[in-house]
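# Architecture and fold: a report
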Amino acid sequence: MYKYIYIYIYIYIYIYIYIYYIFFFFVFVFQNLNVVFSFRWWAKDLDVSSNLPFTRDRIVECYFWALGVYFEPQYSRWITAKLAALGTIIDDIYDAYGTIEELNLFTIAIDRLGTSK
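This one's a predicted model, so the numbers in the text were calculated from it and none came from an experiment.

## What to know about the overall build of the protein
Helix and strand counts for the protein come out as 5 helices and 0 strands. In sequence order, the secondary structure elements of the protein are arranged as α-α-α-α-α. A compact globule built from 117 residues should have a C-alpha radius of gyration of about 13 Å, whereas the protein, at 24 Å, is more than 25% larger. Each principal axis of the C-alpha distribution contributes one length, and for the protein these read about 85 × 35 × 20 Å. The buried share of the protein, reckoned over its 117 residues, is 15%. Summing over all exposed atoms, the protein offers an accessible surface of approximately 9,900 Å²; the carbon and sulfur share of this is 68%. Of the side chains in the protein, 9 bear a positive and 11 a negative charge, and the two mean positions are spaced by 13 Å.

## As for helix α3 (residues 59-69)
Those residues of α3 that sit buried are I59, C62, Y63 and A66. Seen along its axis, α3 keeps its buried residues to an arc of 105 degrees; they face one direction. Away from the buried face of α3 by more than 90 degrees, exposed residues F64 and G68 are located.

## Details of the pattern of salt bridges
Side chains bearing opposite charge may pair, as long as their charged atoms lie close to each other. Enumeration over the complete set of coordinates arrives at 2 salt bridges. A salt bridge links R56 to D91, with the shortest nitrogen-to-oxygen separation between them at 3.1 Å. Pair noted here: R56 is in the loop between α2 (48-51) and α3 and D91 is in helix α4 (residues 77-97), with a separation of 35 residues, a long-range link. Using a relative accessible area of 33% as the deciding quantity, one classes R56 as partly exposed. Linking D92 and R56 is a salt bridge whose minimum nitrogen-to-oxygen distance equals 2.9 Å. Of this pair, D92 sits in helix α4 while R56 sits in the loop between α2 and α3; the two residues are 36 residues apart in sequence, bridging distant segments of the chain. By sharing partners, the salt bridges in this structure join R56, D91 and D92 into a single network.

Calculation notes
- Residues numbered from 1 in each chain as written.
- Predicted model: local features only at pLDDT ≥ 70, side-chain atom pairs only at ≥ 80, totals over all residues.
- Heavy atoms only, no water.
- Helix = DSSP H or I, 4+ residues; strand = E, 2+ residues; numbered from the N terminus.
- Rg over C-alpha atoms; globule rule 2.2 N^0.38 Å.
- Buried < 20%, exposed > 50% of the residue type's maximum accessible area, 1.4 Å probe, protein only.
- Areas by Shrake-Rupley, 256 points an atom, 1.4 Å probe, with all protein chains shown as cover.
- Lys, Arg positive; Asp, Glu negative; His and termini not counted.
- Charge placed at Lys NZ, Arg CZ, Asp CG, Glu CD.
- Arc of directions from axis to C-beta.
- Salt bridge = Lys/Arg side-chain N within 4 Å of Asp/Glu carboxyl O.

Here it is as structure tokens:
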């Protein structure tokens, strides 16, 4: 009886590792589907690369940045990633595209967003 105890322990450890790998696989698939659906929204619906060709298209980098900030799954990483990507687009508009007059008007418009009367 005691000489077979190691076989039982080995079987239990093997089953535990197998269940862990199945769980890890499902979490990995869920994360990839989340990335695919959000990237599809960015690439197809907004079509940033053709509508604004002068901007940097960095939705994946913004997602990994948000993943580092909000590592727990209950927080919305995609809202943070989208806001960071929109901030990048606004920065590129300031840096590469606008003239001084246009940027002054754009700054006034963005300042009005933050005020409440």
